[in-house]
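Given next are the chains, with one letter for each unit.
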Amino acid sequence: DAAFPGGSASRATSHHYHPSCYCPLTNALMRDPVIAACGNSFELSAIVDWFRDHDTSPVTRGRLPNKLLVPNNALRAIITHHRQQHQPTPTRHA
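Starting afresh in each chain, residues are numbered from 1 along the sequence in its written order. Totals for whole chains, interfaces and linings use all residues, but because this is a predicted model, local features are given only for residues with pLDDT of at least 70 and pairs of side-chain atoms are given and counted only at 80 or more. Note that the side-chain values use all heavy atoms of the structure and ignore hydrogens as well as water.

Participant: Teacher, can you tell me more about the overall build of the chain here?
Facilitator: Labels follow the DSSP assignment, with helices taken as runs of H or I lasting at least four residues and strands as runs of E lasting at least two, numbered in each case from the N terminus. Of the regular secondary structure elements, the chain holds 2 helices and 3 strands. In the chain, the succession of helices and strands from N to C terminus is β-β-α-β-α. The classification of residues rests on relative accessible area computed with a 1.4 Å probe and restricted to protein chains. Under 20% of the type maximum is buried, over 50% is exposed, and intermediate values are partly exposed. Sorting the 94 residues of the chain into buried and exposed places 27% on the buried side. Of the contacts formed within the chain by residues at least 6 apart in sequence, a portion of 37% connects residues at least 24 apart. In the structure as shown, the chain presents an accessible area of about 6,200 Å², 52% of it carried by carbon and sulfur atoms. Here, two residues are considered to be in contact whenever any of their heavy atoms come within 4.5 Å of each other. Note that accessible areas follow from Shrake-Rupley with a 1.4 Å probe, and for residues the cover is restricted to the protein chains shown.

Here it is as structure tokens:
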């Protein structure tokens, strides 16, 4: 299953997520996604680290007009929903 209809994940995981669910800086599934001025989403801690030494987008390498980060609530909801749908069902022991 992909997190987006018609999408396919390129990463090997137990449950497939759409590639946009992964941070381009860490290649890890995002937990706290934010949108930068370039329009790309990043894991908050990773882009904050990047901005310490750069004023460019790590994806486009273009200079950014600002370092404003906006929570990507829609992407977070998709990732959270997908995680919940694919959690193993606890087994009851007698």
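Participant: So what exactly am I meant to see when it comes to the sheet that holds strand E3 (residues 70–71) here?
Facilitator: Each strand in a sheet pairs with another by means of backbone hydrogen bonds, the pair being arranged parallel or else antiparallel. When DSSP locates at least two bridges between a pair of strands, those strands are taken to pair. Taken together, 3 strands build an open sheet; the order of strands is E2-E1-E3 and the sheet is antiparallel. Because the sheet does not close on itself, it has two edges, and the strands there are strand E2 (41–43) and E3. Think of each axis as a best-fit line through the C-alpha atoms, taken over the contacting stretch in the case of a helix, with angles from 0 to 180 degrees between the N-to-C directions. Together, strand E1 (33–35) and E2 form the strand contacts of helix H1 (residues 44–53), whose direction differs from that of E2 by roughly 95°.

Participant: Teacher, can you tell me more about the side chain of glutamate 43 here?
Facilitator: Within the secondary structure, glutamate 43 sits in strand E2. If we skip the residues at most four places from it in the chain, glutamate 43 touches Cys23, Met30, Arg31, Asp32 and Pro33.

Participant: I would appreciate a short explanation of the packing of aromatic side chains in the present structure.
Facilitator: Geometrically, a pair of aromatic rings is defined through the distance of the ring centres and the angle of the planes. Aromatic contacts are taken between Phe, Tyr and Trp rings whose centres are within 6.5 Å, Trp giving its six-membered ring; a plane angle under 30 degrees counts as stacked, one over 60 as edge-to-face, and the others as tilted. Evaluated as defined, the whole model comprises 1 aromatic pair. On the numbers, 6.4 Å between centres and 90° between planes, the contact of tyrosine 17 with tyrosine 22 is edge-to-face.

Participant: Help me understand H1 in this model?
Facilitator: The periodicity of an α-helix, 3.6 residues per turn, causes residues three or four positions apart to be oriented the same way. For H1, the full list of buried residues reads Ala46, Ile47, Trp50 and Phe51. Burial along H1 is one-sided: seen end-on, the buried residues are contained in an arc of 135°. Among the exposed residues of H1, those oriented more than 90 degrees off its buried face are Arg52 and Asp53. Buried positions along H1 lie against E1 and E2. Note: the arc covers the axis-to-C-beta directions of the helix.

Participant: Can you help me understand the pattern of salt bridges in this one?
Facilitator: Opposite charge on two side chains permits them to pair, given that their charged atoms come into close proximity. Salt bridges are counted wherever a side-chain nitrogen of Lys or Arg sits within 4 Å of a carboxyl oxygen of Asp or Glu. Scanning the model with the defined rule gives 3 salt bridges in all. As a salt-bridge pair, arginine 76 and aspartate 32 come within 2.8 Å of each other at their nearest N and O atoms. With arginine 76 in helix H2 (residues 73–85) and aspartate 32 in the segment before E1, this pair connects stretches of sequence that are 44 residues apart. On the accessibility criterion, aspartate 32 (26% relative accessible area) is partly exposed. Of the charged contacts, one joins arginine 52 and aspartate 49 as a salt bridge, the two residues approaching to 2.3 Å between their closest N and O atoms. With arginine 52 and aspartate 49 both in helix H1 and 3 residues apart, the pair spans about one turn of that helix. Classification of arginine 52 by relative accessible area gives exposed; the value is 59%. For aspartate 49, a relative accessible area of 41% puts it in the partly exposed group.

By themselves, these figures tell us nothing about what the structure is for.
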